[in-house]
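Examination of the molecular architecture
This is what each chain is made of:
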Amino acid sequence: MATPIWRSFPCKIAELRLDRTLACGQSFRWKEHSPGIWTGVIGCAVWQFKQTDSHLWYRVHKDVGHSKITNIKMEADSNGVIENKTPVKSVKRKSGKRHGGTQNVETVKIKEELTCGIKEEVTSDIKTTNDRLDSVKDKFSNSSNDDERVLIDYFQLHVQLEDLYKEWAKVDKHFETISKDFSGIRMLRQNPVECLFSFICSSNNHISRISSMVEKLALHFGDQINLPYCVEGREFYTFPKVSALAADGVEEKLRDLGFGYRAKYIQKSACYIVDNGDENWLFKLKDMEYIEAKTHLMKLCGVGAKVADCVLLMCLDQPGSIPVDTHVWQIAARDYIPKLNHAKSLTDKLYNEIGDYFRELWGPYAGWAHSVLFTADLRQFRNNELSNDKKGAKRKKYNSEESDVKVKVKAKKKKSL
DNA sequence: TACACACCTTG
DNA sequence: AAGGTGTGT
C-alpha cells in the first residue's frame, strides 16, 4: 500500500507555528524526525504535519483494520466519547481501536462567559470554517473530509489567534513586546486521557523526561498502530485506555520503568476514574463550569491545582484556565505583580490571585496568552529571541532585574539546606 | 492559612 | 535541579 499523499489546508503561519505549538510542553508525543516534518499520534492514527507561510500540510497514516467487526467498533468510538455499546471483551483486539479519536467536532462549544467581543468573532469564524468544509465536501472523499475536521479540531483552527494576539497586545505592553518574536503559539485540543496522565507525570520533571515517560505509557499499556508501511523508521502506539492503567500491578510496573512516586498517582487516579464511570467521567467535565470541573479533577491522586489547570486548559475547553507553576510564578513576579517578590512560597491564595490577575488582564482566553509568555521563557526557545539583537538586550535586562528580595529568599533556602 | 519537607529518577 | 503533590505542623 502506498504512502498517503500530502494534503493542504489554508492556514497562515501567524495562526499556527508547528515548531512552537508542538514542542512547548502542552503535548509530549510530537517529534520532528525529519526537518520541518512533525510526526505524532492523534487517536489511533499517525499524523504528520509541515507548513508554508500560507498552508498547513498534513497526511494521515491509518491503522489497518483486521476485521469488519473492528472497523465498526472504530467508527462507534471515533469521536472520543467512550460508551461501551459493543461487547468489546468478546473480541481480542490486536491494535487499539477503542481509544478513539480526539474530540467531538460537531459540538464545538461556545461558553456563555466568553464574551467581550471574542465570542462573536469565534462564532462567525466557526461559520466560515464550516462553510469552507462544505465547499470541499464534494472534492474529497468522506475520509479526507473527516481528517480535515480532526485537523481543525485538534489545532482549534476556528479560533483566530492573530486577533487574540492583537487584543492582548493592546492591553499589555509587555505581551506586545514579547509576542513579536513568538507568534503562532496556540492551544491544542487534546485527548483528555492522554492530557491528564501526561500532566500527572509532569510534577518535578523536565519536558524531556515527561516525554519519555509518556512514550513509555503508550509503549507498555497502549496498542500498536498497524501500518502497511514504515513511517519514520519506528513504531507507533495509541495512548492507553484508563482501564489499562488501572489494572493490577500497574504501579509496580511503572516503578520499574522509572516513574518514581508518580507510579502510585497514575494507578490510583486510573482506578478512581474507572470506578466513577470510566473515561466518560473525564469527558463529562467538559460540560461543567470551570470551578466545578477543577474541584472534580483535584479529587484525583497526584492532581493539584496546577495539573488540574493544565488539563482544563489543554483538553477540557477552559481557555481562561491559568496553570501557575514555579516558572509562571516567576514571570508574574518579575513582569507583572512586584509584591509577589516578597512571598516565600506559592500558597493556594497566591496561586488564585495570579490566575485572577491574568484573567482580568487578558480576558477569557487568558490561558492561551499565558502559554505564549511561558513558551517565550523556555530555554529551548531562547535562541529564537537571541537571534534578534534588540531582544537579546531585553532578556539581559529582565534577568538582572530579578528582585533583591527574591535573591535573598533563594539564598535563605540554600542556607537552610 | 501558611510554610516545610519528603517523594523517585534522570537529563 | 526539574513545569508539584500530599502530609503534617
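Remember, it's a predicted structure, so these values are computed and weren't measured experimentally.

For the rest of this paragraph, the subject is the packing of helix α15 (residues 326–335) against helix α17 (residues 366–377). The N-to-C vectors of α15 and α17 enclose an angle of 100 degrees; their axes lie 10 Å apart at closest approach. As the angle between them shows, α15 and α17 are arranged roughly perpendicular. Contact residues: His327, Val328, Ile331 and Arg334 in α15; His370, Leu373, Phe374 and Asp377 in α17. Counted by class, the contact of α15 with α17 contains four nonpolar, two polar and two charged residues.

Strand order in the open sheet formed by five strands is β1-β5-β4-β3-β2, with antiparallel pairing between adjacent strands. Taken across any chain shown, the strands that pair with only one partner, and hence form the sheet edges, are β1 (7–10) and β2 (31–34). Strand-to-strand, the axes of this sheet are offset by a mean angle of 35 degrees, without reference to chain direction. Examined bridge by bridge, strand β4 (residues 45–51) and strand β5 (residues 55–62) share seven bridges and lie antiparallel to one another. What sits directly across from Lys50, in β5, is Trp57.

Moving on to the protein's contact with DNA strand C. Inspection of the region around DNA strand C gives 22 residues, with Cys24, Asn204, His206, Gly302 and Gly304 positioned closest. Interatomic distance of 2.8 Å between a side-chain N/O atom of Asn204 and a base nitrogen of DNA strand C. At 3.3 Å, a side-chain N or O of Lys306 approaches a base nitrogen of DNA strand C. Across the surface near DNA strand C, the residue classes tally to eleven nonpolar, nine polar and two charged.

With that out of the way, let us pick up the protein's contact with DNA strand B. Around DNA strand B, the neighbouring residues are Ser208, Arg209, Arg255, Gly258, Gly260, Tyr261, Arg262, Lys344, Ser345, Thr347 and Lys349. Taking the atoms of DNA strand B that fall within 4 Å of the protein, sugar and phosphate contribute 75% of them. A distance of 2.9 Å is found between a base oxygen of DNA strand B and a side-chain nitrogen or oxygen belonging to Arg209. Arg255 places a side-chain nitrogen or oxygen 3.0 Å from a phosphate oxygen of DNA strand B. Tallied by class, residues from the surface near DNA strand B come to one nonpolar, five polar and five charged.

With 102 residues, the main nonpolar core has Phe49, Phe155, Phe175, Leu196, Phe197, Leu217 and Leu297 as its most contacted residues. Ranked by residues supplied to this core, first place goes to helix α14 (residues 305–315) with eight residues. Discounting chain neighbours no more than four positions away, the residues touching Leu196 are Ile273, Leu282, Leu297, Leu300, Val303 and Val311. Counting six residues, the second-largest nonpolar core is a separate cluster that includes Val41, Val46, Ile225 and Tyr229.

So, about the pattern of salt bridges. One pass over the structure, following the stated rule, counts 16 salt bridges. We note a salt bridge from Glu162 to Lys12, for which the minimum N-O separation is 2.8 Å. You can see Glu162 sitting in helix α5 (residues 161–171) and its partner Lys12 sitting in the loop between β1 and α1 (18–23), a full 150 residues away along the chain.

Between its first and last C-alpha atoms α17 spans 17 Å; for twelve residues at 1.5 Å apiece the expected length is 16 Å, and the two agree. Within α17, twelve of the twelve residues are buried, which leaves the element mostly enclosed by the surrounding structure. Every buried residue belonging to α17 is among Ala366, Gly367, Trp368, Ala369, His370, Ser371, Val372, Leu373, Phe374, Thr375, Ala376 and Asp377, and all of these are buried.

On to α5. Leu161, Leu164, Tyr165, Trp168 and Ala169 are the residues of α5 that are buried. The buried residues of α5 occupy an angular sector of 135 degrees when projected down its axis, which confines them to one face. Residues of α5 that are exposed and angled more than 90 degrees away from the buried face: Lys166 and Lys170.

Once that is clear, we can look at the environment of Gly43. Mapped onto the elements of the fold, Gly43 is located in the loop between β3 (37–42) and β4. The class for Gly43 is buried, based on a relative accessible area of 9%. Sequence-wise, Gly43 and Thr238 are 195 residues apart; in three dimensions their C-alpha atoms are separated by 6.6 Å.

Even without glycine at this site, Gln156 takes up a positive phi of about 50 degrees. The topology assignment puts Gln156 in the loop between α4 (142–155) and α5. The phi dihedral of Glu232 is positive, around 55 degrees, even though this residue is not glycine. Taking relative accessible area as the criterion, Glu232 reaches 28% and is therefore assigned partly exposed.

How each quantity is defined
- Residues numbered from 1 in each chain as written.
- Chains lettered and ligands numbered in written order.
- Predicted model: local features only at pLDDT ≥ 70, side-chain atom pairs only at ≥ 80, totals over all residues.
- Heavy atoms only, no water.
- Axes fitted to C-alpha atoms, helices over the stretch in contact; angles between N-to-C directions.
- Helix = DSSP H or I, 4+ residues; strand = E, 2+ residues; numbered from the N terminus.
- Parallel < 35°, antiparallel > 145°, perpendicular 65-115°, else oblique.
- Contact = heavy atoms within 4.5 Å.
- Nonpolar A, V, L, I, M, F, W, Y, C, P; charged D, E, K, R; others polar.
- Pairing = 2+ DSSP bridges.
- Near = heavy atom within 4 Å.
- Polar contact = N/O pair within 3.5 Å; in protein donor to acceptor, adjacent residues only side chain to side chain.
- Core = buried A, V, L, I, M, F, W, Y, C linked by side-chain atoms within 4.5 Å.
- Buried < 20%, exposed > 50% of the residue type's maximum accessible area, 1.4 Å probe, protein only.
- Salt bridge = Lys/Arg side-chain N within 4 Å of Asp/Glu carboxyl O.
- Expected span 1.5 Å × (residues − 1).
- Arc of directions from axis to C-beta.

Shape descriptors only; they carry no functional weight alone.
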